[in-house]
Amino acid sequence: MLKIFPSQEEILRKAAEIFSQSAKDAIKEKGYFSVSLTGGSSPKGLYQLLATDEYKKQIDWSKILVFWGDERWVPLDHELSNTKMAYEILLNHVPIPQENIFPMYKEGVKPEVYAAAYETQLKEKLGDDATIDLMLLGMGDDGHTASLFPQTEVLNEEKAWVSAYYLNSQEMYRITLTAPFINRAKNIVVITFGDAKAPALKQVLKGEYDPATYPSQLLDPVNGELLYLVDQKAAKFL
Ligand SMILES: O=C(O)[C@H](O)[C@@H](O)[C@H](O)[C@H](O)COP(=O)(O)O
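Procedures and definitions
- Residues numbered from 1 in each chain as written.
- Predicted model: local features only at pLDDT ≥ 70, side-chain atom pairs only at ≥ 80, totals over all residues.
- Heavy atoms only, no water.
- Pairing = 2+ DSSP bridges.
- Helix = DSSP H or I, 4+ residues; strand = E, 2+ residues; numbered from the N terminus.
- Axes fitted to C-alpha atoms, helices over the stretch in contact; angles between N-to-C directions.
- Contact = heavy atoms within 4.5 Å.
- 1 Å grid on protein atoms, 1.4 Å probe; cavity = no way out; pocket = protein on both sides within 12 Å on 5 of 7 lines; lining within 4 Å.
- Points joined across faces, edges and corners; volume = space filled by probe spheres on them.
- Nonpolar A, V, L, I, M, F, W, Y, C, P; charged D, E, K, R; others polar.
- Core = buried A, V, L, I, M, F, W, Y, C linked by side-chain atoms within 4.5 Å.
- Buried < 20%, exposed > 50% of the residue type's maximum accessible area, 1.4 Å probe, protein only.
- UniProt positions renumbered as here; feature names shortened; annotations may be inferred.
- Phe/Tyr/Trp six-rings, centres within 6.5 Å; stacked < 30°, edge-to-face > 60°.
- Lys NZ or Arg CZ within 6 Å of the ring centre and 35° of its normal.
- Lys, Arg positive; Asp, Glu negative; His and termini not counted.
- Salt bridge = Lys/Arg side-chain N within 4 Å of Asp/Glu carboxyl O.
- Polar contact = N/O pair within 3.5 Å; in protein donor to acceptor, adjacent residues only side chain to side chain.
- Near = heavy atom within 4 Å.
- Sits in = over half its atoms within 2 Å of the grid points.
- Arc of directions from axis to C-beta.

Under an unreviewed UniProt entry, the name given to the chain is 6-phosphogluconolactonase, and the organism recorded is Sinomicrobium oceani.

So, in structure tokens, the structure goes:
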């Protein structure tokens with residue numbers, strides 16, 4: 001489903017409401033809420049909102065398990081770290097136990113090895129039938145999502161839940177949840193706004209099926225819901 005908003009602020013407000021409501025529902029139903037955070041610039045305003053008193057108080061942070069959709073393989077204090085960004089804007093400001101936070105990076109470990117360990121950890125924490133309650137994602141100007149970049153091998157992954165690989169165009173390793181795991185999520189919410197996203201958004205949602213070129217087309221939840229929250233600028237070619 002696609003929801004188009006007049007402004008970025010309204011998208012972020014909607015996303016914060018979805019976060020808060022999903023957390024309440026999941027905690028009521030099974031005692032905890034699992035969320036996968038995204039990097040990039042789009043979710044920053046959402047994290048800021050969630051750290052305000054209004055949302056901070058609505059949510060039982062002690063029952064939230066935090067995972068990531070992808071990470072740049074850089075130390076946790078590096079400017080490019082998605083984990084660092086989430087800590088600085090959100091996680092340092094809410095009463096969440098450290099043991100409930102699962103960064104997608106470990107010092108001194110090879111990314112491929114950590115990808116397998118992260119999958120094991122997902123199974124340990126969420127069970128073999130693991131699903132993430134809320135998968136927050138962004139979409140790049142090129143149509144990538146998480147670290148599922150155009151023309152990369154990881155797009156063909158059918159089995160592994162987590163994968164790490166060297167992204168030549170950025171000269172760095174990336175670690176990412178794969179499409180088969182992302183699509184197990186109960187709710188997938190893609191937050192994307194601005195003129196620069198308009199051409200890719202059109203191809204992703206209205207173009208021919210070509211996920212090698214527009215990887216966001218791989219988003220297709222098995223039993224869950226997929227929701228795009230976009231602004232009028234990103235939606236201008238739809
Ligand atoms: O680590 C990353 O690069 C992200 O997780 C990535 O998938 C991001 O969500 C998109 O590139 C959108 O980024 P923007 O929100 O900055 O446009």
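J.: Go over the sheet that holds strand β5 (residues 134–137), please, and point to the residues and values.
T.: Sheet architecture is open: 6 strands sit in the order β1-β9-β8-β5-β2-β3, paired in parallel fashion. The open sheet has two edge strands, β1 (2–5) and β3 (64–68), and neither has a second partner. Strand-to-strand twist of the sheet, defined as the mean angle between neighbouring strand axes without regard to direction, takes the value 20°. Summarising the sheet, strand β8 (residues 187–192) and strand β9 (residues 225–231) pair through 6 bridges and their orientation is parallel. From the neighbouring strand, valine 189 faces β9, where its bridge partner is leucine 227. The sheet contacts of helix α7 (residues 198–206) involve β1, β8 and β9, and relative to β9 the element is tilted by about 155°.

J.: Any details on the layout of surface pockets? Residues and values, ideally.
T.: For the largest pocket, the calculated volume is near 300 Å³. Along the wall of the largest pocket there are 20 residues; nearest its centre are Gly39, Gly40, Ser41, Arg72 and His144. Listing elements by their share of the lining of the largest pocket, those giving two or more residues are β4 (70–72) and β7 (172–177). Here the lining of the largest pocket is composed, by residue class, of 5 nonpolar, 11 polar and 4 charged.

J.: Go over the nonpolar core, please, and point to the residues and values.
T.: With 84 residues, the main nonpolar core has Phe19, Ile64, Tyr118, Leu122 and Leu136 as its most contacted residues. Take this core: its biggest share by element is 9 residues, from helix α1 (residues 8–30). Ignoring any residue separated from it by four or fewer positions in sequence, one finds leucine 122 in contact with Phe67, Gly127, Ala130, Ile132, Trp161, Val162, Leu177 and Phe181.

J.: Explain the UniProt feature "domain: Glucosamine/galactosamine-6-phosphate isomerase" (unreviewed entry) in the chain to me, using residue names and the numbers behind them.
T.: Per the UniProt entry, the sites bearing "domain: Glucosamine/galactosamine-6-phosphate isomerase" (unreviewed entry) are residues 7–227 in this numbering. In residues 7–227, helix accounts for 33% and strand for 17%; the two terminal C-alpha atoms are 17 Å from one another.

J.: Lay out the packing of aromatic side chains with the relevant residues and their values.
T.: For the structure shown, the criterion picks out 9 aromatic pairs. Positioned over the ring face of tyrosine 32 is lysine 30, at 4.6 Å from the centre of the ring. Sitting over the face of the ring of tryptophan 161, lysine 123 holds its NZ or CZ atom 4.6 Å from the ring centroid.

J.: With reference to specific residues and values, describe the side chain of glutamate 71.
T.: Following the sequence through the fold, glutamate 71 ends up in strand β4. Among buried charged residues, glutamate 71 stands out as having no salt bridge; its nearest opposite-charge side chain is arginine 72, 5.2 Å away. In this structure the side chain of glutamate 71 is engaged in a polar contact, spanning 2.7 Å, whose partner is the backbone nitrogen of asparagine 82. Excluding its chain neighbours within four sequence positions, the residues that come into contact with glutamate 71 are Leu80, Ser81, Asn82, Thr83, Met104, Ser147, Tyr173, Arg174 and Ile175.

J.: An account of the site of the ligand is needed here, citing residue identities and associated values.
T.: Lining the immediate surroundings of the ligand are 16 residues, of which Ser41, Ser42, Asp70, Ala146 and Lys197 lie closest. Between the ligand and arginine 72 there is a distance of 2.8 Å, counted from an oxygen atom to a side-chain nitrogen or oxygen. A distance of 2.9 Å separates an oxygen atom of the ligand from a polar atom in the side chain of asparagine 82. Structurally, the ligand is housed in the largest pocket. Of the residues belonging to the shell around the ligand, the class tally is 2 nonpolar, 10 polar and 4 charged.

J.: Go over α7 with me, naming the residues and quoting the values.
T.: Taken residue by residue, α7 has Ala198, Ala200, Leu201 and Val204 as its buried positions. One side of α7 holds all its buried residues, which, seen down the axis, span an arc of 160°. If you follow the buried residues of α7, they end up packed against β8 and β9.

J.: Can you explain the sheet that holds β7? Please cite residues and give values.
T.: Spatial ordering of the open sheet is given by β4-β7-β6, a layout of 3 strands whose pairing is antiparallel. Sheet topology places β4 and β6 (162–167) at the edges, where each strand pairs with a single neighbour. Here the average twist between neighbouring strands, direction ignored, is 15°. Where β4 lies against β7, 3 bridges are found, and the strand directions are antiparallel. Bridge pairing links aspartate 70 to threonine 176 in β7. Those strands touched by helix α5 (residues 111–126) are β6 and β7, and its axis lies near 160° from that of β6.

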